Amino acid sequence: MTATTYLGKPTSRIEGREKVTGAAKYAGEYNVPALAHGFVVSSAIAKGRIKRIHTAEALAVSGVLDVFSHAHRPKLASSDEKYKDDIAPDGSPFRPLYDDRVRFSGQPVVLVVAEELEIARFAASLVRIEYEPEAHVTDLEAQRKRGAISAPDPSHAHKRGDPARAFEQAAVKVQAEYRMPVEHHNPMEPYATTAVWEGGGRITAYDKTQGPQNSRNYVADLSELPRDKVRVLSPYVGGGFGSGLRPQYQLPLAVLAARALKRSVRVTLTRQQMFTLGYRAGLVHELALGANRDGTLVSFRHNTVAMTSQFEDFQRSFVTWSSMLYRCANSELGQRLVKLDQNTPCDMRAPGGAEGLYAIECAMDELACAANIDPLELRLINYSDKDQIENRPFSSKELRECYRQGAEKFGWSKRTPEPRSMREGNELVGWGMASGIWEAMQLKASARAVITANGSVEIASATADIGPGTYTMMAQIAAEMLGVPLQDVTVRLGDSSLPDAPVEGGSFTTSSVGSAIHGACRAVQKELLRLAQRMPGSPLAGASIDDVVFAEGKIRHKQGASREIPVVDAMRSGRADRIEQEATAEPNEDGKTSRYTHSAVFAEVKFDAQLGVIRVTRVVSAVAAGRILNPKVAGSQIVGAVVGGIGMALHEETATDHRFGRFMTHNLADYHVPVNADIHAIDVIFVEEKDDEINPLGIKGVGEIGIVGTAAAIANAIYHATGKRVRDLPITIDKLLRD
Ligand code: MOS
């Protein structure tokens, strides 16, 4: 595909109008007759047993239908396997309302169902629970000091050369620990499920989820319903950031109640209860870097200790990234876990990469300072053309160009290296930079394409669109390939009954589902060409599919506009009312190359030394991520992710009161996220990157790459502005004013 009509063009969201007018319905907005409402009671202790639940008062409230708990609930599956969703980590998944055991503070222990939400909520306040508490542990740092740490996970361990010796002999050294707090996703839309009782044991659940099929399989399996009796829909999702990859507990609670009551039931979580779901795990990075005087890395050691729950071992790859970015003969990487009495952490905004690159890129900045080398220059000195863990080249890597274009746009060459050396008015100015890297993943996915006799097209796949513009990009692919106007393409997503597709996450949806749509449209093209060639005296006779293009509603021979047939004519003459094709695209994994997206992030901060106030006044993010299907929505992804990076650097932290083992900052007043006043100029550059190897459309995927490296660039800018190296996120005023 060379000249394109839709691919690569900035295109507004096709569902934008529905969203801004309120016509787009979210999981908690589907009103059905006789809908009952559930309210969750959360555990008040972190660990122990439930001795007794007093429900009489709640049940006496007029309008209360039932009060469910482990002591009073429909039958649930008993094997761990039935609770393992598609992306469950190793361990024994949490089972809502299963038994009397309390595993974390905020665990759902009772569901009150009533005619009205307010009645359910009031009655829930009357439920009294007697606990038998046990001593809990929730302090990562304390457990780490006590040595209550798991053995290194072999799947995240790597060693090459002799890093200890090389470090010993290095002329320049940096050794430091970096800490990251627990963070919660806090999408705008709280978790909700409207479980519609269809009769005959069938349930349709409108659920807030990033993966309707994952949620369908999970809830059907644990409630021992055949999977074909359950349908889960999530056509619109008000943000997820990873919190909706695994099914959340409102779904099984709503479905169980609907089954028990033979009535439709909605369960919506409060903002406070959003802090009882998975979260970004708190962790400590131990970094030790050694280099020669000229900045050449000789030793790179990166070890992490991260928190997980007592019942599941969750962690992503925190430490591998330096081996993709920087050439270094001696390296040691490892990850260990501390088990705490908390819910299991989960994926959040570039899980693994966002954490790893924060520490790696701050340590590289410290090394640049120690070696007296410009931070950008240090990255170029150590640039790696090889994935040193798999020992293979990259399918494409335009990171050098990201550095160049980003630095130019930002004006990096005007930076004076000395901390506190740049000023504007009363404020100190700091400039920092960092590299970003994220996996260019593709998973197996299927899609269906249908063209009807009037030339309209429908595309369908089960995956969700959680906000990145998936509807639009999928429509662009279909419109391009079938030569129809964009507005003639309807896209259906977020429905477990549609062709199989993975959860939306990992920045892999466009490559995965996009490739499936490419395949399905290709099959439709072939069928249309076949019909066109059967027409008497067809000008396309003898043409192969590669000899023709589909444009302006016509099948046109590449060798001349006179050799063309309107698609509708081909269909009419073939008596085809509709042509329907389904395709499955699998990742092309030849194992010969590694596939990553890259970025260079430059940040400017201004610091008021009297007040300690930091503002991120400018960010330039230069991204290389293969073909960009839609620079408008992809650009919005990067801007949003940079905002996430600003939150990570300056604001976001879930504080725990270890006496109670409880997250205390469980509302948006105490849990800070960036607001409009925190956000200034954010410039996104998409660096051209051609990658013919990864998939037919050359798509790597964007989104998460925008957050990776951003917090480090800001932290480095803060050091440059203030001369103060704060290694514990978030970098708040108190840490900057403290000596
Ligand atoms: Mo993303 S953290 O895979 O939704």
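Coordinates for the structure precede this section.
Residues numbered from 1 in each chain as written. Predicted model: local features only at pLDDT ≥ 70, side-chain atom pairs only at ≥ 80, totals over all residues. Heavy atoms only, no water.

Novice: Before we move on, can you summarise the overall build of the protein chain with the specific residues and values?
Specialist: Across its full length, the protein chain holds 17 helices and 33 strands. In terms of C-alpha radius of gyration, the protein chain reaches 27 Å, essentially the compact-globule figure of 27 Å for 739 residues. Projected onto the principal axes, the alpha-carbon positions of the protein chain cover approximately 85 × 75 × 50 Å. Across the protein chain, every contact between residues at least 6 apart in sequence was considered, and the portion connecting residues at least 24 apart equals 80%. A total accessible area of about 28,100 Å² is found for the protein chain, and carbon and sulfur atoms account for 48% of it. The average position of the 87 basic charges and that of the 90 acidic charges among the side chains of the protein chain differ by 1 Å. (Helix = DSSP H or I, 4+ residues; strand = E, 2+ residues; numbered from the N terminus. Rg over C-alpha atoms; globule rule 2.2 N^0.38 Å. Contact = heavy atoms within 4.5 Å. Areas by Shrake-Rupley, 256 points an atom, 1.4 Å probe, with all protein chains shown as cover. Lys, Arg positive; Asp, Glu negative; His and termini not counted. Charge placed at Lys NZ, Arg CZ, Asp CG, Glu CD.)

Novice: Hey, could you go over the packing of aromatic side chains for me, with residue numbers and the actual values?
Specialist: All chains considered together, the criterion is met by 18 aromatic pairs. Between Tyr-83 and Tyr-98, the ring centres sit 6.1 Å apart and the planes meet at 80 degrees, which makes this aromatic pair edge-to-face. Residue Tyr-83 is located in the loop between strand 3 (64-69) and strand 4 (90-91), and its partner Tyr-98 is located in the loop between strand 4 and strand 5 (101-102); the two are separated by 15 residues in the primary sequence. Among the aromatic residues, those joined into a cluster by ring pairs are Trp-321, Phe-394, Trp-438 and Tyr-596. Geometry around Phe-241 places Arg-349 over its ring, the cationic atom sitting 4.5 Å from the centre. Cation over ring: Arg-400 sits above Tyr-383, and NZ or CZ is 4.0 Å from the ring centre. (Phe/Tyr/Trp six-rings, centres within 6.5 Å; stacked < 30°, edge-to-face > 60°. Lys NZ or Arg CZ within 6 Å of the ring centre and 35° of its normal.)

Novice: Please give an account of the nonpolar core that cites residues and values.
Specialist: Soluble globular proteins: nonpolar side chains tend toward being buried together. Phe-300, Tyr-358, Met-364, Leu-367, Phe-602, Leu-650 and Ile-714 are the most contacted members of the largest nonpolar core, which has 94 residues in total. What Tyr-358 contacts, discounting residues up to four positions off in sequence, is Tyr-178, Arg-179, Met-180, Gly-353, Ala-711, Ala-712, Ala-715, Val-726, Arg-727, Asp-728 and Leu-729. Core analysis: the second largest hydrophobic core is formed by 58 residues, Val-513, Leu-531, Ala-532 and Val-567 among them. (Core = buried A, V, L, I, M, F, W, Y, C linked by side-chain atoms within 4.5 Å. Buried < 20%, exposed > 50% of the residue type's maximum accessible area, 1.4 Å probe, protein only.)

Novice: How would you summarise the pattern of salt bridges if you had to cite specific residues and measurements?
Specialist: Counted under the stated rule, the structure contains 46 salt bridges. The partner of Lys-19 in a salt bridge is Glu-15, and the shortest N-O contact between them spans 3.0 Å. With a shortest N-O distance of 3.8 Å, Glu-564 and Lys-554 are connected by a salt bridge. Residue Glu-564 is located in strand 27 (residues 564-566), and its partner Lys-554 is located in strand 26 (residues 554-557); the two are separated by ten residues in the primary sequence. (Salt bridge = Lys/Arg side-chain N within 4 Å of Asp/Glu carboxyl O.)

Novice: Give me helix 12 (residues 470-482): which residues, what numbers.
Specialist: Helix length check: helix 12 (13 residues) gives 18 Å between terminal C-alpha atoms against 18 Å at 1.5 Å per residue, within 8%. In terms of residue burial, helix 12 counts as a mostly covered element, since 13 of its 13 residues are buried. Gly-483 sits one or two residues past helix 12 and shows a positive phi near 65 degrees. (Expected span 1.5 Å × (residues − 1).)

Novice: Tell me about helix 6 (residues 212-222), and please be specific about residues and values.
Specialist: The element helix 6 is largely enclosed, with a buried count of eleven among its eleven residues. Of all the residues in helix 6, the buried ones are Pro-212, Gln-213, Asn-214, Ser-215, Arg-216, Asn-217, Tyr-218, Val-219, Ala-220, Asp-221 and Leu-222. The secondary structure elements touched by the buried residues of helix 6 are strand 11 (202-207), strand 12 (230-233) and helix 7 (250-261). Following helix 6 by one or two positions, Glu-224 adopts a phi angle in the positive range, close to 55 degrees.

Novice: Give me the sheet that holds strand 25 (residues 548-551): which residues, what numbers.
Specialist: Spatially, three strands are ordered 25-26-27 in an open sheet, and the strand pairing comes out antiparallel. Of all the strands in the sheet, the pair left with one neighbour each is strand 25 and strand 27. Shown here is a sheet whose adjacent strand axes are inclined to one another by a mean of 20 degrees, direction ignored. As defined by bridge partners, strand 26 adjoins strand 27 across three bridges and the pair is classed as antiparallel. Counterpart to Ile-555 in the pairing with strand 27 is Ile-565. (Pairing = 2+ DSSP bridges. Axes fitted to C-alpha atoms, helices over the stretch in contact; angles between N-to-C directions.)

Novice: Can you tell me about the side chain of Arg-271, naming the residues and giving the values?
Specialist: Inspection of the secondary structure puts Arg-271 in the loop between strand 13 (265-268) and strand 14 (283-291). Among the polar contacts listed, one links the side chain of Arg-271 to the side chain of Asn-186, at a separation of 2.9 Å. Within the local environment of Arg-271, its side chain forms a polar contact with the backbone oxygen of Met-188, the two atoms lying 2.9 Å apart. Aside from chain neighbours lying at most four places away, what touches Arg-271 is Asn-186, Pro-187, Met-188, His-666, Asn-667 and Leu-668. (Polar contact = N/O pair within 3.5 Å; in protein donor to acceptor, adjacent residues only side chain to side chain.)

Novice: So what about the environment of Arg-725? Which residues, and what values?
Specialist: For Arg-725, the location among the structural elements is in the loop between helix 16 (710-722) and helix 17 (733-737). Spatially, the C-alpha atom of Arg-725 lies 14 Å from that of Trp-431, the residues being 294 residues apart in sequence. Discounting residues that sit within four places of it in the chain, Arg-725 has contacts with Cys-362, Asp-365, Glu-366, Cys-369, Asn-716 and Tyr-719. A polar contact of 3.0 Å, which involves the side chain of Arg-725, links it to the side chain of Asp-365. Among the polar contacts made by the side chain of Arg-725, one reaches the side chain of Asn-716 at a distance of 3.2 Å.

Novice: Give me unusual backbone geometry: which residues, what numbers.
Specialist: In terms of backbone geometry, most residues other than glycine have negative phi values and most peptide bonds are trans. Of the consecutive residues Leu-729 and Pro-730, the connecting peptide bond is found in the cis state with omega at -10 degrees. Checked against the element boundaries, Pro-730 lands in the loop between helix 16 and helix 17. The backbone of Glu-224 sits at a positive phi, close to 55 degrees, despite the residue not being glycine. Inspection of the secondary structure puts Glu-224 in the loop between helix 6 and strand 12. With a relative accessible area of 44%, Glu-224 lands in the partly exposed category.

Novice: Can you lay out the sheet that holds strand 5 for me, pointing to particular residues and giving the numbers?
Specialist: One open sheet accounts for three strands, arranged 5-2-7; its pairing is antiparallel. Strands with a single pairing partner mark the edges of an open sheet, and in this sheet they are strand 5 and strand 7 (128-133). Examined bridge by bridge, strand 2 (residues 48-54) and strand 7 share six bridges and lie antiparallel to one another. Residue His-54 lies in a different strand from strand 7, and its bridge partner there is Arg-128.

Novice: Now, about the pairing of strand 1 (residues 36-42): what can you tell me, with residues and values included?
Specialist: In terms of burial, strand 1 is largely enclosed, as six of its seven residues are buried. Note that strand 1 and strand 6 (residues 108-114) share six bridges and pair antiparallel. Within the sheet, the bridge partner assigned to His-37 lies in strand 6 and is Ala-114.

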